[in-house]
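Coordinates in review
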2 protein chains.
Amino acid sequence: MKLLKERIRTEATVIGSQVLKVDHFLNHQVDVDFLHKIGAEFYERFKDEPITKILTVEASGIAVAVATAWFFHVPVVFAKKSDSRNLDQDTYTSEVFSFTRNNCYWMKVSWRYLDAQDHVLIIDDFLAKGRAVQGMIDIVHQAGASLAGVGIVIEKGFQEGGSQLREQGINISSLAIIESMDENHIEFRDQ
Amino acid sequence: MKLLKERIRTEATVIGSQVLKVDHFLNHQVDVDFLHKIGAEFYERFKDEPITKILTVEASGIAVAVATAWFFHVPVVFAKKSDSRNLDQDTYTSEVFSFTRNNCYWMKVSWRYLDAQDHVLIIDDFLAKGRAVQGMIDIVHQAGASLAGVGIVIEKGFQEGGSQLREQGINISSLAIIESMDENHIEFRDQ
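How each quantity is defined
Residues numbered from 1 in each chain as written. Chains lettered and ligands numbered in written order. Predicted model: local features only at pLDDT ≥ 70, side-chain atom pairs only at ≥ 80, totals over all residues. Heavy atoms only, no water. Helix = DSSP H or I, 4+ residues; strand = E, 2+ residues; numbered from the N terminus. Rg over C-alpha atoms; globule rule 2.2 N^0.38 Å. Contact = heavy atoms within 4.5 Å. Areas by Shrake-Rupley, 256 points an atom, 1.4 Å probe, with all protein chains shown as cover. Lys, Arg positive; Asp, Glu negative; His and termini not counted. Charge placed at Lys NZ, Arg CZ, Asp CG, Glu CD. Buried < 20%, exposed > 50% of the residue type's maximum accessible area, 1.4 Å probe, protein only. Pairing = 2+ DSSP bridges. Right-handed = clockwise from strand over helix to strand, strands pointing away. Axes fitted to C-alpha atoms, helices over the stretch in contact; angles between N-to-C directions. Parallel < 35°, antiparallel > 145°, perpendicular 65-115°, else oblique. Left-handed = near helix turned anticlockwise from the far one by under 90°. pLDDT = per-residue confidence, 0-100. Buried area = accessible area lost by both parts, 1.4 Å probe. Salt bridge = Lys/Arg side-chain N within 4 Å of Asp/Glu carboxyl O. Polar contact = N/O pair within 3.5 Å; in protein donor to acceptor, adjacent residues only side chain to side chain. Nonpolar A, V, L, I, M, F, W, Y, C, P; charged D, E, K, R; others polar.

Here we look at the overall build of chain A
Of the regular secondary structure elements, chain A holds five helices and eleven strands. By the compact-globule yardstick of 16 Å for 191 residues, chain A fits well, its C-alpha radius of gyration being 16 Å. Of the contacts made within chain A by residues no fewer than 6 positions apart, 60% connect residues no fewer than 24 positions apart. Working note: accessible area of chain A is about 8200 Å², and carbon and sulfur atoms make up 46% of it. Charge-centre separation for chain A: the mean point of 20 positive side chains lies 2 Å from the mean point of 27 negative side chains.

This is the structure in structure tokens:
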């Protein structure tokens, strides 16, 4: 998505070789008019799939998922993060290791909101090592639902999440894939 | 908002006299087409204010805030929740007691995304004891910004949050105010 790459190139802050900050338009402050364009782009890429639900995980995936669902006219389900496995008897639960927080959390979705009739599009803002997306795929499988694909706003192509998902045959579509970056230059993968 | 009250009356699950579950359309699964109507309703109620930012708090406020910002064409800022006060030197921070979790968290917004030029509309999905909204108002004040008002989807009128805010002279507008409820009946306040 050309406009997204331009915004990343001209506005993002890179810290070291790993951290890309775009929290002024994507994940702390949200530019809602721009988000509308992102939703439209995901719709273009997945509109031939008979999507019934859009699945994301709290918190920063929610805005992107809502903008995408706008075009599909299907519900968003957002997985909840919990520090405890606890005793919920009515949720699909997947354990996810967070490299940001350096610990595990449990991702949970109520049985009521995903089932074998669903054809699910997973949406998230970032993909790096891919643990959150793998957790959501696990939940789609637990529900017996089918997976239409995975839509990511910004993929860090120099981390392994994207290539692992592609090796699994997952239909993953990232609006911008960063091949490498440092404080002076951001290199995107040709798509 | 008549349609919202109808949905609450016919679809919500009440547990005891305190817990209202609407997580099939508002805060776990989100009915995005209905959310659009909620955003339009908040726009009608606050459109005469020169809003520059919509402020909410992760996670379940985000979807409602995005739907509202759609109509105002202004950015959403979502406050982040943190379990630690830690050492961020560039955030407005407010300590909030959560009755749901029975502990405190710190609500944080970067200095970059709110300032004295801003006229802020606070949006949240639920209002009960009002601690999250009070935290957001505290942050608006720390930023030197002005407060246009507070828009709430569902207010539990039998808890003290709403009346405390009104006593402070806050322009608060709730789309549905529940006066009392039990498993057989939900009574709304006349508005």
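There is more to say, and it comes next.
Focus on the pairing of strand β5 (residues 76–82) of chain A
Residue and element names in this part refer to chain A. Here β5 lies mainly inside the structure; five of its seven residues are buried. Bridge analysis of strand β4 (residues 53–57) against β5 gives four bridges, and the strand direction is parallel. Paired with Thr 56 across the strands is Phe 78, a residue of β5. Remark: the β4/helix α3 (residues 61–72)/β5 crossover connection has right-handed handedness. Where β5 meets strand β7 (residues 103–110), three bridges bridge the pair, whose relative direction is antiparallel. Bridge pairing in β7 links Ser 82 to Trp 106.

Re the packing of helix α2 (residues 32–46) of chain A against α3 of chain A
For any two helices packed against each other, one specifies the crossing angle of their axes together with the interaxial distance. Residues and elements named next belong to chain A. Orientation of α2 relative to α3, taken along the N-to-C sense of each, is 55 degrees, at an axis distance of 8 Å. What the angle tells us is that α2 and α3 run oblique. Between α2 and α3 the crossing geometry is right-handed. Across the interface between the two elements, Leu 35, His 36, Ile 38, Gly 39, Ala 40, Phe 42, Tyr 43 and Phe 46 of α2 pack against Ala 63, Val 64, Ala 67, Thr 68, Phe 71 and Phe 72 of α3.

Focus on the confidence of the model for chain A
Averaged over every residue, the pLDDT of chain A is 95; the share at 70 or more is 98%. Predicted as a complex, the structure gets a pTM of 0.96 and an ipTM equal to 0.94.

Notes on the interface of chain B and chain A
Tallying the contact residues gives 34 residues for chain B and 34 residues for chain A. Between chain B and chain A, the buried area comes to about 2800 Å², and carbon and sulfur atoms account for 64% of it. If you sort the residues of chain B by the area they bury against chain A, His 28, Trp 70 and Tyr 113 of chain B come out on top, with a joint share of 27%. One can count two salt bridges joining chain B with chain A. Between Arg 112 of chain A and Asp 23 of chain B there is a salt bridge; the shortest N-O distance is 3.8 Å. Seen at the junction of chain B and chain A, the total is 16 residue pairs in polar contact (both at pLDDT 80 or more). The element best represented in the side of chain B that touches chain A is helix α3 (residues 61–72) of chain B, accounting for six residues. Taken together, the residues of the side of chain B that touches chain A break down into 17 nonpolar, eight polar and nine charged. Pairing analysis gives two bridges linking β5 of chain A to strand β3 (residues 29–30) of chain B, with the strands arranged antiparallel. If you follow Val 77 of chain A over to β3 of chain B, its bridge partner there is Gln 29 of chain B.

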